[in-house]
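The primary structure of each chain is shown beneath.
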There are 2 protein chains.
Amino acid sequence: MAVKRPFEARRPSLKDVAEALGVTAATVSNAYNRPDQLSPALRERVLVTARSLGYPGPNPMARGLRRGRAGAIGVLYADRLSYAFKDPVAVELLSGIATATEAAGLGLLLVPGSPRTERDLEAPRRAAVDGFVIYSMSPDDPLLAAALERRLPIVTVDMPGLTDAPGVAIDDTAGARTVAEHLLGLGHRRLGILSLELTPAVRSGPADANRVASASYPVTRARLRGYQAAIVGAGLDWDGIPVYECAENSIEEGCIGAEQLLNTEPRPTALLAMSDTLGIGALEAVRRAGLSVPADVSIVGFDDIPEAARTDPPLTTVHEPHLNKGLKAGELLVALLAGEAHPDFVTLPTHLAVRSSTAPPRAAPRG
Amino acid sequence: MAVKRPFEARRPSLKDVAEALGVTAATVSNAYNRPDQLSPALRERVLVTARSLGYPGPNPMARGLRRGRAGAIGVLYADRLSYAFKDPVAVELLSGIATATEAAGLGLLLVPGSPRTERDLEAPRRAAVDGFVIYSMSPDDPLLAAALERRLPIVTVDMPGLTDAPGVAIDDTAGARTVAEHLLGLGHRRLGILSLELTPAVRSGPADANRVASASYPVTRARLRGYQAAIVGAGLDWDGIPVYECAENSIEEGCIGAEQLLNTEPRPTALLAMSDTLGIGALEAVRRAGLSVPADVSIVGFDDIPEAARTDPPLTTVHEPHLNKGLKAGELLVALLAGEAHPDFVTLPTHLAVRSSTAPPRAAPRG
DNA sequence: CAAGATGGCTTAATCGATTAAGTCTTGATC
DNA sequence: GATCAAGACTTAATCGATTAAGCCATCTTG
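We now turn to the structure provided with this report.

Parameters at a glance
- Residues numbered from 1 in each chain as written.
- Chains lettered and ligands numbered in written order.
- Predicted model: local features only at pLDDT ≥ 70, side-chain atom pairs only at ≥ 80, totals over all residues.
- Heavy atoms only, no water.
- Buried < 20%, exposed > 50% of the residue type's maximum accessible area, 1.4 Å probe, protein only.
- Helix = DSSP H or I, 4+ residues; strand = E, 2+ residues; numbered from the N terminus.
- Pairing = 2+ DSSP bridges.
- Near = heavy atom within 4 Å.
- Polar contact = N/O pair within 3.5 Å; in protein donor to acceptor, adjacent residues only side chain to side chain.
- Expected span 1.5 Å × (residues − 1).
- Arc of directions from axis to C-beta.
- Contact = heavy atoms within 4.5 Å.
- Salt bridge = Lys/Arg side-chain N within 4 Å of Asp/Glu carboxyl O.
- Least-squares fit on C-alpha atoms with pLDDT ≥ 70 in both.
- Axes fitted to C-alpha atoms, helices over the stretch in contact; angles between N-to-C directions.

### Describing the pairing of strand β1 (residues 72–77) of chain A
Residue and element names in this part refer to chain A. Burial analysis of β1 places six of its six residues in the buried class, the great majority of the element. Residues Ala72, Gly74 and Leu76 point to one face of β1 and Ile73, Val75 and Tyr77 to the other, with burial holding for every one of them. The pairing of β1 with strand β2 (residues 107–110) spans four bridges and is classified as parallel. Counterpart to isoleucine 73 in the pairing with β2 is leucine 108.

### A few points about the pairing of strand β4 (residues 154–157) of chain B
Residues and elements named next belong to chain B. Because side chains alternate across β4, one face comprises the buried residues Ile154 and Thr156, and the other comprises Val155 and Val157, equally buried. Two strands pair when backbone bridges link them, and strand β3 (residues 132–135) and β4 are joined in this way by four bridges, in the parallel orientation. Residue pairing for β4: valine 133 is matched across the bridge by valine 155. Strand direction decides the pairing type here: β4 and strand β5 (residues 167–170), joined by two bridges, are parallel. Looking across to β5, one finds that valine 157 is bridged to valine 168.

### Section: the protein's contact with DNA strand C
Near DNA strand C there are 27 residues, and of these Thr27(A), Leu14(B), Ser29(B), Tyr55(B) and Arg66(B) occur at the shortest range. The sugar and phosphate moieties of DNA strand C supply 70% of its atoms located within 4 Å of the protein. At a separation of 2.7 Å, a phosphate oxygen of DNA strand C approaches a polar backbone atom of Asn59(B). Contacts to DNA strand C include Arg66(B), whose side-chain N or O atom sits 2.5 Å from a base oxygen. If you tally residues by element for the surface near DNA strand C, the top one is helix α4 (residues 60–67) of chain B, at five residues.

### Regarding helix α3 (residues 40–53) of chain A
Residues and elements named next belong to chain A. Here α3 spans 20 Å end to end across 14 residues, near enough to the 20 Å set by a 1.5 Å rise per residue. Taken together, the buried positions of α3 are Leu42, Val46, Leu47, Thr49 and Ala50. For α3, the arc enclosing every buried residue in end-on projection is 165°, short of the 170-degree limit, so these residues lie on one face. In α3, the exposed positions angled more than 90 degrees off the buried face are occupied by Pro40, Ala41, Arg51 and Ser52. Against α1 (14–21) and α2 (25–33) lie the buried residues of α3. Just downstream of α3, glycine 54 is the residue with a positive phi angle, here 80°.

### Details of the pattern of salt bridges
Working definition: two side chains of opposite charge can pair if their charged atoms are close together. Residue and element names in this part refer to chain B. One pass over the structure, following the stated rule, counts 34 salt bridges over all chains. A salt bridge links arginine 177 to glutamate 181, with the shortest nitrogen-to-oxygen separation between them at 3.0 Å. Taken together, the residues arginine 177 and glutamate 181, both in helix α9 (residues 172–186) and four residues apart, mark about one turn of the helix. Arginine 177 gets classed as partly exposed once you look at its relative accessible area, which sits at 37%.

### Re the environment of Leu323(B)
Residues and elements named next belong to chain B. Following the sequence through the fold, leucine 323 ends up in helix α14 (residues 322–337). Judged by relative accessible area, leucine 323 falls into the partly exposed class, the value being 30%. Distance from leucine 323 to leucine 94, taken between C-alpha atoms, is 7.8 Å for residues 229 residues apart in sequence.

### Side note on the relation of the copies chain A and chain B
With an RMSD of 0.0 Å, chain A superimposes on chain B once it is rotated by 180° and translated 0.0 Å along the axis. Those values place the two copies in the arrangement expected of a two-fold rotation axis. No C-alpha of chain A approaches the rotation axis more nearly than that of Leu109(A), which lies at 2.1 Å. The fraction of interface residues of chain A whose copies in chain B are also interface residues reaches 100%, indicating that both copies meet through the same surface.

### A look at the sheet that holds strand β7 (residues 205–206) of chain A
Residue and element names in this part refer to chain A. The sheet built from five strands is open, its strands ordered β7-β8-β6-β9-β10 with mixed pairing. At either end of the open sheet lies a strand with only one pairing partner, and these are β7 and β10 (298–300). Bridge count for strand β6 (residues 191–195) against strand β9 (residues 270–273) is four bridges, and the pairing is parallel. Bridged to leucine 191 within β9 is alanine 270. Set on the sheet, helix α13 (residues 276–288) makes contact with β6, β9 and β10; between it and β10 the angle comes to about 165°.

### Observations regarding the sheet that holds strand β7 (residues 205–206) of chain B
All names here are of chain B. Taking strand neighbours across the sheet as the criterion, the five strands line up as β7-β8-β6-β9-β10 in an open arrangement whose pairing is mixed. The sheet is open, and its two borders are formed by β7 and β10 (298–300), each paired with just one other strand. When strand β6 (residues 191–195) meets strand β8 (residues 243–245), the two strands line up parallel, connected through three bridges. Residue pairing across strands places leucine 194 opposite tyrosine 244, the latter belonging to β8. Contacts from helix α13 (residues 276–288) reach β6, β9 (270–273) and β10, with the element oriented near 165° to β10.

Take a look at the structure:
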């Protein structure tokens, strides 16, 4: 039962404080921003008067307009914001970015927008930011185009070669190749792939060679290429490998996809999950099928999210320095905003984290 | 080696586009904001010219200033931003808030600021937002005061009764009491408490009765009260219960704290962790001590983060609707901004989620 | 004591848009 | 053919600050 004030007074502005004191707006402004420009006594009076008038401090938008700085950087993400928080990888990345922006005293604006409706394109246009970190977007995403039109400094993450902007990424192809080679080296010959989204036009289900070839998300593309290189390198038929595309990077989707892959004949002895989240889902699917990991089926993930080390069994995966990636991206953008010269592109190292979800296939010859 | 343009041209503004076309700025503005105000042909010409001039679209800060709307809401959090992303509870809450703001077309600005230095107080002051969601802050936090001074609409989360602002919370005391009663009901008599931070002045270690009584974080206070009510209700001595305060809500801290609690004589048969994150750490500590859960030690958490259902063994805990809490908070703030009447305070229900980390103590009489 | 330095405040231009109200055409209507 | 309405732009005020430059009085210094 909050009481509505009958007379909703206009919020006081700098000028009101100035008039109340008989000084000019410039002086009040200086009281806030450049204390050395006025006597301590007057400054104190200004601050006291401001408080008593209920002046909420210099309006951030007016200040931003005048100074040409928003004091925040924007993060652009392919999916809905609410989803970004469900993805441990995105969360870690954001944490890294936040560390950098926080150190620079900048805010972090999460820009809403699934690339569905026209209205969403307004989001990056309206965002009061000094630059963007653009994370893992499809090159043909209209949201990306809208952000680029702002002509602000940008840093890309996991989008190598997409723009001439600086960015940070890992070598997804090499990572994927390494983990696939790990399985092949253990002797696995029947593999299944649990893939992330292939294109912004989402769908779940088995993906045929055509669809696989049409993958537009840079990360998905790169990892598929890595798997392919290892598989072809081992003399296996790439087109014979079943691929299940998950419309969403979630445990549930991973579980459903893995279930389907486990039903293909002959049953794969190892599953390549393109993310740990999908891998955790696969772990569950194997359990539900009454099989065990790694005795019956080996599972590998990708990303090395924190939970991967705590699953049962702990997940063999490709370690990626997410936090560092975010940190670097943030620092790059901060440096860009400061007008510093910048390195063009940073590629961070990955390494295979062998844990307990992989073993040689039952009664198989060692590779 | 990005090439610096030798002559960094001023960014074109509305006026530049207008002049290039021989119309007024108003017309160009209308081309963007009110297409019905001009002929489709001219609008098209405006848009084309804008593009060819490299006009990045209406400046968000200028628009925001004029319209009196920032188009974003701020989130204020007690800790460092980077930390917020490490806390699954905060992440879920943010996800909920994001859902609401996204639906309203608003951005989400994460305001940096650990309450350390004077400089940090500038963050909430500089944030270009239309309102704040304030999450679980100590009432005496200067950051909170700084945000309040902005006199913007606010919604609190997990801070019942702290301001007269609308907010959302759960009944932490009842939840804590229920989970403690669950343990007592199983027959446990020797308990240990793994507590979250008691005050903004952080420290790790055993907390004596004085320090426990001085807890200022509303959530911590409330949960302690709940434990206390159950314990006292069971006829046990509250002051005899060892409490370990974790300076940070992390698995590592939980592990360290649990280790200490397990070393007290006589060893507790059950540990009350004030969060699932601490509980997961406790699980690890028990494992390291060569004991087993729940045979030797029962562990309960609080929060019911997603991972709690997947730990080994799955954690008995108090389920809290984090996502919903965020969603409600976001919706409340959006409604407030829209000038709608609002309910004052929402208290969301919790319930006990009994899983496999609790059992009667070994060879103990049933309670 | 004149010249210069310093401190303390004001002047006035400016940042880049939005929008209610007004003007001028052109076309329809009786 | 006068009247009105609608359509297409323009005028001009305004949002709330920041900041370089200027002005005046007071203090220092040789």
